[in-house]
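Listed here are the chains, written in short residue letters.
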Amino acid sequence: MYLFLGGDVSVWESDVVGVFDMDNTTVAKSTRNFLSRVQKEGAVVNVTADLPKSFCLSFSEGKEKVYISQLSPATLKKRGEGL
């Protein structure tokens, strides 16, 4: 099944490693370093022009990808529970 992240973007639910709250997790330097690294590698997909509320880390075919979403982690969790 797919998890709809916003815009026109969906990912396989089985590829999702985690969904993280943007405000809470970006306080940590390690998270900021991780996001900076994946941005430089071109592995970030921004699915919104709005203020981001969460990011979803997925791992598929040996590659990690981060999706920045305007949807809250709680909303994404509810969508994932139906799968």
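Residues numbered from 1 in each chain as written. Predicted model: local features only at pLDDT ≥ 70, side-chain atom pairs only at ≥ 80, totals over all residues. Heavy atoms only, no water.

Chemist: Can you tell me about the confidence of the model for the chain, naming the residues and giving the values?
Modeler: Confidence along the chain averages 92 in pLDDT terms, with 98% of residues attaining 70 or more. Mean pLDDT per element in the chain: helix α3 (residues 73–81) is the minimum at 86, and strand β6 (residues 63–69) is the maximum at 96. (pLDDT = per-residue confidence, 0-100. Helix = DSSP H or I, 4+ residues; strand = E, 2+ residues; numbered from the N terminus.)

Chemist: Requested: an account of the environment of Leu-35, with residues and values cited.
Modeler: Tracing the chain through its elements places Leu-35 in helix α2 (residues 29–40). Leu-35 gets classed as buried once you look at its relative accessible area, which sits at 14%. Distance from Leu-35 to Val-66, taken between C-alpha atoms, is 8.1 Å for residues 31 residues apart in sequence. Those residues in contact with Leu-35 that sit more than four places away from it in its chain are Thr-26, Val-44, Phe-55 and Val-66. (Buried < 20%, exposed > 50% of the residue type's maximum accessible area, 1.4 Å probe, protein only. Contact = heavy atoms within 4.5 Å.)

Chemist: Tell me about α2, and name the residues and values.
Modeler: Across its 12 residues, α2 extends 16 Å between first and last C-alpha, which sits within 8% of the 16 Å expected from 1.5 Å per residue. Where α2 is buried, its residues meet α1 (22–25), β4 (44–46), β5 (54–60) and β6. With its phi angle positive at about 75 degrees, Gly-42 sits one or two positions after the end of α2. (Expected span 1.5 Å × (residues − 1).)

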